[in-house]
Structures are given as C-alpha cells and as structure tokens.
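# Fold and contact review
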Amino acid sequence: MNIALLGFGTIGSGVYELINLNKGKFESNFTDLATQKSRPAITKILERDITKDLGDSVGVIVTDPKEILEDDSIGIVIALMGGMDFEYEMIKACLKAGKHVVTANKAVISEYFAELQALAKENGVVLRYEASVGGGIPIIGTLKEEMRINRVTEIKGILNGTTNFILSKMTEEMAGFEDTLALAQSIGFAEADPTADVEGYDVSRKLSILSSMAYEGIVRDEDVYKRGITDIGAMDIEMTKSLGYVVKFLGHSILDGKRDVYTTVEPVLFKAASIMSNVNSEFNIISITGDIIGELQFYGKGAGKDATANAVVGDVLYILNIVGEQNLPRPLRLNRKLNKLGTGIFKGKYYLRANLNDKESLDQVLSALETVASRKTVIVNDNHVYVVTSVIAANEFNAMAEKLRETVPEFFYARIYE
Ligand code: NDP
Ligand code: HSE
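For clarity, every value in this text was computed on a predicted model and none was experimentally measured. (Residues numbered from 1 in each chain as written. Chains lettered and ligands numbered in written order. Predicted model: local features only at pLDDT ≥ 70, side-chain atom pairs only at ≥ 80, totals over all residues. Heavy atoms only, no water.)

## Description of the overall build of the protein chain
- In terms of regular secondary structure, the protein chain is built from 13 helices and 19 strands.
- For the protein chain, whose C-alpha radius of gyration is 23 Å, the value lies close to the compact-globule estimate of 22 Å for 418 residues.
- Over its C-alpha atoms, taken along the principal directions, the protein chain stretches across nearly 75 × 50 × 35 Å.
- Relative to all contacts within the protein chain whose residues are 6 or more apart in sequence, the contacts with residues 24 or more apart total 72%. (Helix = DSSP H or I, 4+ residues; strand = E, 2+ residues; numbered from the N terminus. Rg over C-alpha atoms; globule rule 2.2 N^0.38 Å. Contact = heavy atoms within 4.5 Å.)

## Remarks on the site of ligand 1
- In the vicinity of ligand 1 there are 22 residues, among which Glu47, Arg48, Lys52, Glu191 and Gly304 approach most closely.
- Measuring from an oxygen atom of ligand 1, one finds a side-chain N or O atom of Arg48 at 2.6 Å.
- Gly304 places a main-chain nitrogen or oxygen 2.7 Å from an oxygen atom of ligand 1.
- The protein chains hide 82% of the 890 Å² of surface that ligand 1 would expose on its own.
- In this structure the site holding ligand 1 corresponds to the largest pocket. (Near = heavy atom within 4 Å. Polar contact = N/O pair within 3.5 Å; in protein donor to acceptor, adjacent residues only side chain to side chain. Areas by Shrake-Rupley, 256 points an atom, 1.4 Å probe, with all protein chains shown as cover. 1 Å grid on protein atoms, 1.4 Å probe; cavity = no way out; pocket = protein on both sides within 12 Å on 5 of 7 lines; lining within 4 Å. Sits in = over half its atoms within 2 Å of the grid points.)

## Re the side chain of Gln117
- One can find Gln117 in helix H4 (residues 106-122).
- Of the residues examined, Gln117 reaches a relative accessible area of 14% and is grouped as buried.
- What Gln117 contacts, discounting residues up to four positions off in sequence, is Leu127, Pro331, Leu332 and Leu334. (Buried < 20%, exposed > 50% of the residue type's maximum accessible area, 1.4 Å probe, protein only.)

## Some words on the layout of surface pockets
- As a volume, the largest pocket reaches approximately 1,200 Å³.
- Lining the largest pocket are 48 residues; nearest its centre among them are Leu80, Met81, Gly82, Glu191 and Ala192.
- Contributing elements (two or more residues each) for the lining of the largest pocket: helix H1 (10-19), helix H3 (85-96), H4, helix H6 (161-173), helix H8 (195-198) and helix H9 (201-215).
- Residue composition of the lining of the largest pocket, by class: 17 nonpolar, 18 polar and 13 charged.
- Both domains that meet at the lining of the largest pocket, namely domain 1 (2-128) and domain 2 (139-300), each give it at least three residues.
- As a volume, the second largest pocket reaches approximately 800 Å³.
- In this structure, the second largest pocket is lined by 23 residues; those nearest its centre are Lys144, Pro329, Arg330, Pro331 and Leu332. (Points joined across faces, edges and corners; volume = space filled by probe spheres on them. Nonpolar A, V, L, I, M, F, W, Y, C, P; charged D, E, K, R; others polar. Domains from an automatic or database assignment.)

## A short note on the domain arrangement of the protein chain
- Domain boundaries assigned for the protein chain yield domain 1 (2-128), domain 2 (139-300) and domain 3 (347-417).
- Look at where the C-alpha atoms of domain 1 and domain 3 centre, and you get two points 49 Å apart.

## What to know about the packing of aromatic side chains
- Scanning all chains against the criterion turns up 12 aromatic pairs.
- Between Tyr88 and Tyr112, the ring centres sit 3.6 Å apart and the planes meet at 10°, which makes this aromatic pair stacked. Of this pair, Tyr88 sits in helix H3 while Tyr112 is found in helix H4, placing the two residues 24 residues apart along the sequence.
- A ring pair is formed by Phe165 and Phe189, whose centres lie 5.4 Å apart and whose planes are at 75°; its orientation type is edge-to-face. Taken together, the residues Phe165 in helix H6 and Phe189 in the loop between helix H7 (177-187) and H8 connect sequence positions 24 residues apart.
- Given a relative accessible area of 5%, Phe165 falls into the buried group.
- When its relative accessible area of 10% is taken as the criterion, Phe189 is described as buried.
- One aromatic cluster is present, built from ring pairs that chain together Tyr350, Phe397, Phe411 and Tyr413.
- Here the guanidinium or amino end of Arg128 rests over the ring plane of Tyr318, the centre of that ring lying 3.6 Å away. (Phe/Tyr/Trp six-rings, centres within 6.5 Å; stacked < 30°, edge-to-face > 60°. Lys NZ or Arg CZ within 6 Å of the ring centre and 35° of its normal.)

Put into structure tokens, the structure is as follows:
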C-alpha cells in the first residue's frame, strides 16, 4: 500500500525521514515480507511551492491534489498542512475516495470530529489523529483504552509546547516573551499562526478533542473559555517566584454528574514544588481521572519534529496492521448531549498585577477588586500594583477583569491552583 503526504513542513519532513529514509526502525516492521516491493512508502507529497528545498523527496512532489485523490495505489494519506479549510476538504475527499487518513491537525479534528469519524465509517476506512494532542505523548490511544473500563471525569494538563517553552525560558533565564516566541517558531514548535499558541486556541482545540472523547459528546473549541499568556511580563515571573509559585498555561475540563461540562484554558500559578511546575520547555503533561483507576499522568514532548512524527507514523503502522480485517475499530461515541457550562466550577485565590500609568489607576484597580474580594494582600512597587486575593469564583473574577480592562488596560492575572 502506498502512502501520500500532504505538506512537507516540520512534521511532514519528519514523517518522510521515518518512513522513506528509515530513520528509526520503520523497516523492521516489514522484515518478514518476502520482497521489499511490498514495503509501504510515501510515493507522493502535495506541496504548493516546488521551489522550496525538499531534500531527498524532490522526485515525488505534486501540486495537484487530484494526483493523490485519483491514484488507486495510495491507500493512506497523511494530512500535515495545518490550517483549516483546505486540510478539512482534503481529509473529506480522501475518506470519500476510500483512503485511510492520519492527521496531526487539531483545528480540523476538533471542529469536524463527529462528521469526519462518521465519514470514515461510511467509507470503510480509518481516521487516526494521535499527534493532534500532546505531540509525541500517546494520549488518544491511551484515553480510548482507559475508557473501556473507566468513566473519565476530569482532564487537565499543559497541552502546548510553545507556551510552555516561553514560560520556562522566562522563568529560568529571564528571557523576553517575543524573543522566546521567535525561537519556538524557528525550532518548529509553534503553529503557522502562533496566535493560536499564545492566545489559547491550540490548547482549547486539544482540550475539546480529549473532552469530546472522554465525555462522549461534542465539546467545541468555542465552548471552551480561553485566555492567553500575552499579558505576562518579567515582573510577574519575579513576583510569583518570590511568592513560591510558577506560572503555567493550563487546559482543564471537568464532567460533573452525567452531562455538565466545565472547561477553561488560562494561565495558572502552581506551587513551585508541584509536578506541573516542573514540566518545562516543549514538554507537556496530561492528567486524566477515571472512576476506577483514579488519576493518571502522561508526560513527554508535546511539540517538535521527531516526537510528533513518531506519533504520526505509529498511526500509519496501526492502519497497516489492520488493513484487510473484516471489522474495523468501532467509532467513538460522540452523541451524548452535554451542558457546556463555561468556568462555573472553578475557583481559587487570584494573583493580579496592574501597571499604574496614571493617578487614578490604583483606585480603579482596588475598587474593582473590592467588588469580588473582601480580603487581599496589596503591594505597590515601581508603578505596579500586585494583589493576591482570597478565594473567588472564576466566573466572577473573569467578569470583573473584563470590566477593569476598560479603564486599566495593562494587567496580568492568574488563578492560584490549590
Ligand atoms: P509547517 O507549517 O511546518 O508545515 C506545513 C506544510 O504544509 C508547509 O510546507 C506548507 O507549505 C504546506 N502547506 C500548507 N498549506 C498547503 C496547501 N494549501 N497546499 C500544499 N501545501 C501546503 O507545519 P507543521 O509541520 O509544524 O504542522 C503540521 C500539522 O501538524 C499542523 O496541523 C500542526 O498543528 C500539527 N502539529 C504540529 C506540531 C509541531 O510541533 N510543529 C506538533 C503536533 C501537531 P508552505 O511552507 O508553502 O506554507
Ligand atoms: N504548536 C503546538 C504546540 C504544536 O506548541 O504545542 C503541537 O501541537
């Protein structure tokens, strides 16, 4: 069976190296085959810019999608272009053409999860998306396995390599936000549009995939409350460190009862000694809680060429192993009607830093906080005010902060996770 690749960027080139150039042990999976002719290989790669340096793959580049869709020798298509519309259309067309699909595209999977799963079933093919969450961490397969016995009620984790890389470098080396983001982009961790990373869309898409799977009903990206990390400054890293905390970017969802789902993606402060605080650089950690097993945590590289390509090729091998079997794996249940209730269940003490750009700012910050927090610690230093509050419901604090932004635009806040 031949394989086609859509996109030859960071992950596409990694997959090509593992499959066609046999970096790692891909070939050893086929050593029992009588002839090397049967060894699956990438025979076509869709790219839009043929002037790009494509190394050893030059012989197989195509620019017209039909060359893949209408090629009956291609049984598996690996979709690694990123973006939304074109990749979605291509995945649909491939499934309709009876081709198995492997993708790392969380934007497409989170938006069209039920539709694409149904389309794969209708056409007797398999859709795999292990690399769409947690890069190299095998969380999709593991979650499916755990769900055979457990009712999963909570998912939380550091789910974005780029922002964890930025926060780690800011914490460990006092590096600047913009410089570190540029570094993450040059290494290949960031999305083509890194706004998705730093504003929380990438995490909320990953959280929506895991939550939909675990809670057996669709949780969309737009159902997830999200707040990015672009407001953070060096003074926040220093101040929170002196208070004994580390800033992390957390995705968290909870199923309460049978149908009530709460979700949030936001910067959170963890005690310096906690496990979460010690997950650094592009590494991710994902925790799932089941009613039988309790809490399980999975740790590994959440972004980057080799780790992600490893997960993609694992999906390819899975498909190659089941090809020809009568019964394809049963699709996930995704039709439970869920009540998506925002951040309603989350609460905690809050850390807030605001820039005091004029005489009124301090009063405005303190009066706004007065509406939600009766007790608080306040420090004023170098034209900044730092506040740590008593426990407040997330809904209330977020609403207060949104209103405060109208008069005091420059501030950063994070819930303290206890
Ligand atoms: P890149 O931007 O490095 O690669 C995408 C490639 O696809 C580029 O070569 C791009 O060409 C090509 N491409 C984009 N649109 C088209 C099109 N319309 N027609 C033909 N070719 C096209 O992205 P990554 O490899 O980093 O990511 C790929 C996917 O994997 C994304 O969905 C991403 O979210 C996901 N992912 C990425 C991880 C990572 O660590 N990077 C980890 C986990 C998942 P051009 O250069 O001309 O734009
Ligand atoms: N941009 C993503 C990240 C890639 O940084 O985590 C992995 O999904």
